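Observations on chain architecture
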Amino acid sequence: MATVQQVETRPNYKWSMVVDIDRCTGCQACVVACQSENNVPLNDETSFQQHRAIEWIRIERYWEGEWPDVKARFIPILCQHCENAPCEPVCPVYATYHNQGGMNVQVYNRCVGTRYCANACPYHARNFNYKEPVWPEELKNQLNPDVTVRSRGVMEKCSFCIQRIRRATRTVADRVPDGTFQPACVQACPTDALVFGDMNNADSKVAKLSEDKRHYQVLKALGTDPNVIYLKKVEEK
């Protein structure tokens, strides 16, 4: 009698992030943590003046109201990991694609630097590495050995700290418990404005927050279906 071989099934993840604008103070701790964790090249004054600064996550500041009742608002912007990502179909070498975890990933060794994906991204969340990254001698030992150092001529972007995701999913046979790990930006946020987790896990914090009445998606009308959800600012009465 023929036996049916049991096939191992892995959990179906959908990694997502919720950003609570009401909690964000614009401290940029997430920016520094991301730079340190992912070996993001250092930015100098010249890079900013040439509009070639590399930040995988940035804090955009804008103003509301009229003087003297002006209030500063902050919103963290990173790769939205869109389900219908406009950056994916334009890449001629398939360097960017959508993986089974719901993330838009970047294969650096395959990228040839056409920058088509950056032109297609409506969130301006992709960065082109115009120069070879150089760190001062005293900072070279702080580079993360789990993350490759990208050479000049490739696109860079947020990966939800995929090295941490891979490490967590390899060590468990079943679904990763909620809160087992966090991306660098989430871990560094002092106000818990950033929440990360598996949207397919109904009991996860990120899944519950995504149903908050304040939730919205940036540029939703474009139909990109982002996996990053924002919670509106609570207006003072």
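These remarks concern the structure in this document.

**Side note on the overall build of the protein chain**
Helix and strand counts for the protein chain stand at 6 helices and 10 strands. Its C-alpha radius of gyration of 19 Å places the protein chain within 12% of the 18 Å reference for a compact globule of 237 residues. For the protein chain, the spread of C-alpha atoms along the principal axes amounts to about 85 × 50 × 35 Å. For the protein chain, buried positions account for 45% of its 237 residues. The contacts in the protein chain between residues at least 6 apart in sequence include a share of 64% that link residues at least 24 apart. Carbon and sulfur atoms form 49% of the exposed surface of the protein chain, whose accessible area is close to 13900 Å².

**Topic: the pairing of strand S1 (residues 15-20)**
Counting buried positions over the 6 residues of S1 gives 6, a clear majority of the element. Here S1 shows a buried face lined by Trp15, Met17 and Val19 and a second buried face lined by Ser16, Val18 and Asp20. Where S1 meets strand S8 (residues 194-198), 5 bridges bridge the pair, whose relative direction is antiparallel. By the bridge assignment for S8, Val19 is matched with Leu194. Bridge analysis of S1 against strand S10 (residues 228-231) gives 4 bridges, and the strand direction is parallel. Looking across to S10, one finds that Val19 is bridged to Tyr230.

**Section: the packing of aromatic side chains**
Using the criterion set out here, one finds 8 aromatic pairs in the structure. Aromatic side chains Phe128 and Tyr130 sit 4.9 Å apart centroid to centroid with 80° between the ring planes, which places their arrangement in the edge-to-face category. Taken together, the aromatic side chains of Tyr13, Trp15, Phe160, Phe181 and Phe196 make up a single cluster linked through ring pairs. In this arrangement the basic side chain of Arg150 is found over the ring face of Tyr108, its NZ or CZ atom lying 5.6 Å from the centre.

**Let's talk about a nonpolar patch on the surface**
Together, Trp63, Trp67 and Val70 make up a nonpolar patch on the protein surface, roughly 420 Å² of accessible area in all. Within the secondary structure layout, Trp63 lies in strand S2 (residues 57-64).

**Some points on the side chain of Gln106**
Structurally, Gln106 is set in strand S5 (residues 104-106). Within the structure, Gln106 has its side chain in polar contact with the side chain of Arg126 (distance 2.9 Å). Discounting residues that sit within four places of it in the chain, Gln106 has contacts with Ala95, Thr96, Cys111, Arg126, Met155 and Lys157.

Rules behind the numbers
Residues numbered from 1 in each chain as written. Predicted model: local features only at pLDDT ≥ 70, side-chain atom pairs only at ≥ 80, totals over all residues. Heavy atoms only, no water. Helix = DSSP H or I, 4+ residues; strand = E, 2+ residues; numbered from the N terminus. Rg over C-alpha atoms; globule rule 2.2 N^0.38 Å. Buried < 20%, exposed > 50% of the residue type's maximum accessible area, 1.4 Å probe, protein only. Contact = heavy atoms within 4.5 Å. Areas by Shrake-Rupley, 256 points an atom, 1.4 Å probe, with all protein chains shown as cover. Pairing = 2+ DSSP bridges. Phe/Tyr/Trp six-rings, centres within 6.5 Å; stacked < 30°, edge-to-face > 60°. Lys NZ or Arg CZ within 6 Å of the ring centre and 35° of its normal. Patch = residues over 30% accessible without salt bridge, like charges linked within 9 Å, V, L, I, M, F, W, Y side chains within 5 Å. Salt bridge = Lys/Arg side-chain N within 4 Å of Asp/Glu carboxyl O. Polar contact = N/O pair within 3.5 Å; in protein donor to acceptor, adjacent residues only side chain to side chain.

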